[in-house]
Amino acid sequence: MSDKKATLKIDGMDEAIELPIYSGTLGPDVIDVGGLTGHGMFTYDPGFVSTASCESQITYIDGGKGVLLHRGYPIEQLAEQSDYLETCYLLLYGELPNKEEKEKFVGTVMNHTMVHEQLVQFFSGFRRDSHPMAIMCGVVGALSAFYHDSLDIADDDSRQVAAFRLIAKMPTIAAMSYKFSIGQPFMYPDNSLSYAENFLHMMFGVPCEPSKISPVLAKAMDRIFLLHADHEQNASTSTVRLAGSSGANPFACIAAGIAALWGPSHGGANEAVLKMLDEIGDVSRIDEFVARAKDKDDPFRLMGFGHRVYKNFDPRAKVLKEAADEVLEELGHKDDPLLAIAKRLEEIALHDEYFIDKKLYPNVDFYSGIILKAIGIPTSMFTVIFAVGRTVGWIAHWHEMISGSYRIGRPRQLYTGQPQREFIPLDKR
Ligand code: CMC
């Protein structure tokens, strides 16, 4: 809170309207426009470019400076010194766990990795060539039909169990959606492995052979999950909050988040990056595509470049760029032609006036796509992996909202349709 007030003077209105201003611990002040309805007026902000939709203590972003903090800790430090499940704990509970708390948390999450055996039958209802995100939307939503003991949103314990279940089961369902598409048997989770190792085991293991998991790849996978864990009020998180504000159960809310993430402007961009690199096909064609990206009459955009919030650089991209180099070195993929295209594009974007003027830097999806491809993850699974990592962020925001005071989300509109008119009977039209 602050003593500052904004005064709004509106043409034709005698009295000025006073609006309270609130200050957070970091970031710009916000003007509380809630009182405007009393004056018969709404604010208008398509795309919520300058609207704070809620108060939150989870994640802070300064897009201008390229800062991303989870509960106050810089993402670079977490990526370097923490791991995915520890970061999940931090996002959910607000503090880093001590040794015992961490062990207990990891043990509890890993105890929930299996899915109800009947859920397995869901998969046979899908076409083999279904996009795995389509399967994720359906199967995650269907968890509400299986785990009735974690649907009571008013009960803190029930919400906690829902959080454990979602964080634990997302990799299992994700890997099942891949195994289904290639006709291999589903792999049961192995709880003796780490979260990332277990995911790779369920993705690439087969029941007839012991799994061989490279520690370098497991570390890269863990980093990808960690770097996607939360990103404050983005489209999918806002969707989860909006769905949750009606009192919907957590599994339904996360399914809504998965649907919102799917689009190419959001989580779908990592898949779109690889498709674009494929389409470019050769370094010699890059200029043609860059020219298209700059052409105002062409809707084509360079996928993996630009960000709504980061107008300097994406700090997650910086960490992943280093991880990409490590993974490519380990796997000996340094001469991959797609990577040569990616490297050249990156170079152009960092030096070309159009990209510099518009502050379009490579984003997290640009590098995560490259790493995932090198690990051998099929392109259609890229956004699924984003969803697995982001689940904790969605749940943390949902929990923060439900455990505080909240109202159903109900935006208003600027109506530009027909004014009221009389119905015309069919024979008179
Ligand atoms: N390639 C070419 N031009 C671009 C690009 C791009 N990737 N991104 C933005 N622009 C231009 C755009 O045409 C516009 O130009 P002008 O001012 O002349 O009309 C200007 O830059 C501003 O673009 P905008 O669409 O108003 O910006 P936005 O904040 O609404 O959109 C974005 C942000 C991420 C949707 C957009 O940059 C984009 O479509 N990027 C490609 C998709 C992508 O990589 N998305 C992943 C985002 S990071 C992961 C996540 O958080 O989900």
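Preceding this section is the structure that the text describes.
The following paragraphs examine the structure supplied in this document. (Residues numbered from 1 in each chain as written. Predicted model: local features only at pLDDT ≥ 70, side-chain atom pairs only at ≥ 80, totals over all residues. Heavy atoms only, no water.)

Quick look at the site of the ligand
How we decide: Nearness of a residue to a molecule or strand requires only that one of the residue's heavy atoms be within 4 Å of it. For the accessible areas, the method is Shrake-Rupley and the probe is 1.4 Å, while residue cover comes only from the protein chains on display. Each residue is assigned to one class: nonpolar for Ala, Val, Leu, Ile, Met, Phe, Trp, Tyr, Cys and Pro, charged for Asp, Glu, Lys and Arg, and polar for all the others, Gly among them.
In the region of the ligand, 21 residues are neighbours, and His266, Lys296, Arg301, Leu302 and Lys358 sit closest. Within the complex, 76% of the 940 Å² of free accessible area of the ligand lies under protein. Its residues assigned to classes, the shell around the ligand comprises eight nonpolar, seven polar and six charged.

Observations regarding the sheet that holds strand 6 (residues 73–74)
Under the convention used in this document: Following DSSP output, two strands are said to pair if at least two bridges run between them. Here a helix means four or more residues in a row that DSSP labels H or I, a strand means two or more in a row labelled E, and each is numbered from the N terminus.
The three strands lie next to each other as 4-5-6, forming an open sheet whose pairing is antiparallel. The outermost strands of the open sheet, each flanked by one partner alone, are strand 4 (59–62) and strand 6. Where strand 5 (residues 67–70) meets strand 6, two bridges bridge the pair, whose relative direction is antiparallel. Note on strand 6: the bridge partner recorded for histidine 70 is tyrosine 73.

Re the packing of aromatic side chains
Note the threshold: Between 30 and 60 degrees the pair is tilted, below 30 it is stacked and above 60 it is edge-to-face, where a pair is any two Phe, Tyr or Trp rings, Trp via its six-membered ring, whose centres lie within 6.5 Å. Only protein chains enter the accessibility calculation, which uses a 1.4 Å probe. A residue is then buried if its area is under 20% of the maximum for its type, exposed if over 50%, and partly exposed in between. Both a distance and an angle decide whether a charge sits over a ring: NZ of Lys or CZ of Arg must be within 6 Å of the ring centre and within 35 degrees of the ring normal.
Applying the stated criterion across every chain, the model contains 18 aromatic pairs. Centroid distance phenylalanine 289 to phenylalanine 300: 5.6 Å. Interplanar angle 70°. Geometry classified as edge-to-face. With phenylalanine 289 in helix 12 (residues 286–294) and phenylalanine 300 in the loop between helix 12 and helix 13 (315–331), this pair connects stretches of sequence that are 11 residues apart. Under the relative-accessibility criterion, phenylalanine 289 is labelled buried at 1%. Both rings, one in tyrosine 354 and one in phenylalanine 355, keep their centres 5.2 Å apart while their planes meet at 75°; by these two values the pair is edge-to-face. With a relative accessible area of 24%, tyrosine 354 lands in the partly exposed category. Following the ring pairs from residue to residue traces out a cluster consisting of Phe305, Tyr354, Phe355, Phe366 and Tyr367. Over the face of the ring belonging to phenylalanine 180 we find arginine 128, whose NZ or CZ atom lies 4.3 Å from the ring centre. Lying over the aromatic face of phenylalanine 313, lysine 318 brings its terminal NZ or CZ to 4.3 Å of the ring centre.

Overview of the side chain of serine 158
Filter applied, for reference: Identification of polar contacts relies on pairs of N or O atoms within 3.5 Å, with a donor-acceptor requirement for protein atoms, meaning one able to donate a hydrogen and the other able to accept it, and with residues adjacent in sequence counted only if both atoms are side-chain atoms. Residue contacts follow a heavy-atom distance rule, with two residues in contact if any of their heavy atoms lie within 4.5 Å.
When you line up the elements, serine 158 lands in helix 6 (residues 156–182). Judged by its relative accessible area of 4%, serine 158 falls in the buried class. At 3.2 Å, the side chain of serine 158 forms a polar contact with the backbone nitrogen of aspartate 152. Contact partners of serine 158, with chain neighbours within four places excluded, come to Asp149, Ser150, Leu151 and Asp152.

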